[in-house]
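Summary of the model geometry
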Amino acid sequence: MIIIAIVKVIEGPTITSADKSSIECRQHQLICIDSVGYIDRIIDESETDFSAVKEQANKAGQLTTLKLDEYLLPGFIDLHVHAPQWPNAGVALDRPLNEWLDTYTFPLEAKYADVDFAKRVYDNLVTELVGNGTTTVLYFGTTHNQANLELAKACMNHNQRGFIGKVAMDNPDQTPDYYRDASAESAVADTETFIKQMMELNKTADIQQTPVITPRFVPSCTPASLKGLGRLARKYDLPVQSHCSESDWENGFALEHYHKRDAEVLDEYGLLTDKSVMAHGTLLNQSDLDTFKERGVAVAHCPISNVYFGNAVLPVSKLLKQNVKVGLGTDISGGYSPSLYQNIRQAVMSSRMLHDGVNSQLDPAQRGTENDAISARNGFYLATVGGAKSLHIKTGQIKAGYLADLQVVKSPMPSFNEETMDQIFEKIIYNASKDDVKQVFVQGRLAKG
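The following refers to the structure shown. Just so it is clear, the structure is predicted and the values come from calculations on it, not from any experiment.

About the cut-offs
- Residues numbered from 1 in each chain as written.
- Predicted model: local features only at pLDDT ≥ 70, side-chain atom pairs only at ≥ 80, totals over all residues.
- Heavy atoms only, no water.
- Helix = DSSP H or I, 4+ residues; strand = E, 2+ residues; numbered from the N terminus.
- Buried < 20%, exposed > 50% of the residue type's maximum accessible area, 1.4 Å probe, protein only.
- Pairing = 2+ DSSP bridges.
- Salt bridge = Lys/Arg side-chain N within 4 Å of Asp/Glu carboxyl O.

A short note on unusual backbone geometry
What you tend to see is this: most non-glycine residues have negative phi, and most peptide bonds are trans. Cis peptide bonds are those with omega within 30 degrees of zero, and the linkage from Ile332 to Ser333 qualifies with 5°. Checked against the element boundaries, Ser333 lands in the loop between strand S13 (325–328) and helix H12 (340–356). Positive phi, close to 60°, is recorded for Ala92, a residue that is not glycine. Counting through the fold element by element, Ala92 comes out in the loop between strand S6 (76–82) and helix H2 (97–110). Taking the relative accessible area as the measure of exposure, Ala92 reaches 13% and is therefore buried. The backbone phi angle of Asn323 is positive, close to 60°, even though this residue is not glycine. As for its placement among the helices and strands, Asn323 is situated in the loop between helix H11 (316–321) and S13.

Details of the pairing of strand S14 (residues 406–410)
Side chains on a regular strand alternate between the two faces of the sheet. With four of its five residues buried, S14 lies for the most part within the structure. Both S14 and strand S15 (residues 437–442) contribute to a ladder of four bridges, which runs antiparallel. Residue pairing for S15: Val409 is matched across the bridge by Val437.

Focus: the pattern of salt bridges
Taken as a whole, this structure holds 22 salt bridges when the rule is applied. Its salt-bridge partner being Asp288, residue Arg261 comes within 2.7 Å of it at the nearest N-O pair. Of this pair, Arg261 sits in the loop between helix H7 (248–258) and helix H8 (262–268) while Asp288 is found in helix H9 (residues 286–295), placing the two residues 27 residues apart along the sequence. A relative accessible area of 15% places Arg261 in the buried class. Note that Asp372 and Lys321 form a salt bridge whose closest N and O atoms lie 2.7 Å from each other. Taken as a pair, Asp372 in the loop between helix H13 (364–367) and helix H14 (376–391) and Lys321 in helix H11 lie far apart in primary sequence, 51 residues in all. The exposure class assigned to Asp372 is partly exposed, which follows from its relative accessible area of 33%. A relative accessible area of 57% places Lys321 in the exposed class. Residues participating in the shared-partner salt-bridge network are Arg41, Glu47 and Asp49.

By themselves, these are just geometric observations and shouldn't be taken as functional.
And the structure:
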């Protein structure tokens, strides 16, 4: 029998998501982390051996005690980041999506043929995301395998868990000649090569990095590449990521060229599975949602980016009620902020505007929609549990048997009166910034602090 020892104990108050709409807060606990990075046990101060375990950990040099105004939260999970676009965060967000891609995004992504450039950007990006409390990220890379491997290495160097995709884009009608796969065959072959390269890299990795099948989206891929990528997803049983019904333009492309909806095209080629994460989905209809639920597909809700490019508001409460998997994404650089705290806030605000309506010329009864607004608790669930369920990883909660992916957050607001833990939680969600994230642990390993 293998005995796994406790190597770290964190003492302090904890806040974790209990379910889609509620949180669980404890004033004083010991989080016992084992040598392989899992939470072995959580001991509340009311338990009889609390003091003995604390004393033993302290003597062994294993105890980390949070300061008076610090709180332990699960690490965040970002379901949609275009890693190569980080240098353009905040640039040209007023342009239409197709123009933004052609004028700003594709020229930038083409630069990652330069591996040294990739190293500099990816080291900075991963550091920034970890600094904001993000412990796991689902990344789009570029068409360049060597650059994508540098992204994986940056994740390894900074103790972040990465899910990384070599972008496939071979349609000459929708991609520039200086930045596209030479053919459907090469798009699929290079993707398979990247999968094997990642498997080799993982042999020396403490935190495993996962290759992801990544057709950019329906407009940028030919049927042959979509079919080949679906085959690879089945062959290697890997996650799939893409965009689905993000904008009027993208949604309309599938209808015009395939006479089918975006989701139907992806499903036809075997790209909608229970390991698929589809970004945005602002224009998904009920038929699409039924397919997503049946296949187990997750939606990466990118609320900041959707304001600029989504052409609609994703009805998050509707998806939650229908048990469609949904988590949060920053969508760098369509989303300008690397902070999931900022995206939780925007998710709440967008949902309220969807519910209340925005056209003051209409009567109040006609102005909004039937979609309920979401709360900070709902947003916290999306950024933690929702992301974990989408990626099939046992994390996102402070719970025994779960990965020790954690962030230590200082309360960003001074306390003038006695406050409940619920009130402290709300102040953290609505006010915390990168500076308030004091430490980050991924699989029990220190990533920040």
